[in-house]
Amino acid sequence: MNTSKSFQVSSKRTIGAGHPVYIIAEIGINHNGSMDIAKKLIDEAVLAGCDAVKFQKRTPELCTPKDQWHLERDTLGADDLYQLP
């Protein structure tokens, strides 16, 4: 197995042997449904030197018990995530 391959992730960044570590911050669902919090978490990840952030998308019907489907929750949707910087 050849482990010395590298590839471009952007015009300014390459991942692979001989390149700096690419750090991805796990934001997950820690934004609590708030676009403002999500943006602040991105800013903090940048200040910490991270190269990217990762969010989680959940399908409520798969991870919420059916008897709780009627409970309203305030979460960011996929369309909201595309608005983040």
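Structure: above.
Residues numbered from 1 in each chain as written. Predicted model: local features only at pLDDT ≥ 70, side-chain atom pairs only at ≥ 80, totals over all residues. Heavy atoms only, no water.

> Looking at this structure, I do not really get the overall build of the protein. What am I missing?
Looking only at helices and strands, one finds 3 helices and 4 strands in the protein. Of the regular secondary structure in the protein, the N- to C-terminal order runs β-β-β-α-β-α-α. In the protein, which comprises 85 residues, the share counted as buried stands at 16%. Long-range contacts, defined here as pairs at least 24 residues apart, represent 56% of the contacts in the protein between residues at least 6 apart. (Helix = DSSP H or I, 4+ residues; strand = E, 2+ residues; numbered from the N terminus. Buried < 20%, exposed > 50% of the residue type's maximum accessible area, 1.4 Å probe, protein only. Contact = heavy atoms within 4.5 Å.)

> What is the right way to look at the pattern of salt bridges in this model?
Any two side chains of opposite charge can pair, so long as their charged atoms come close to each other. Enumeration over the complete set of coordinates arrives at 2 salt bridges. Put simply, R13 and D51 hold a salt bridge, and the shortest N to O gap is 3.3 Å. One end of the pair, R13, is in strand β2 (residues 13-16); the other, D51, is in the loop between α1 (35-47) and β4 (52-55), with 38 residues separating them in the sequence. Take D51: its relative accessible area is 33%, and that puts it in the partly exposed class. (Salt bridge = Lys/Arg side-chain N within 4 Å of Asp/Glu carboxyl O.)

Don't take any of this as a statement about function, it's just geometry.
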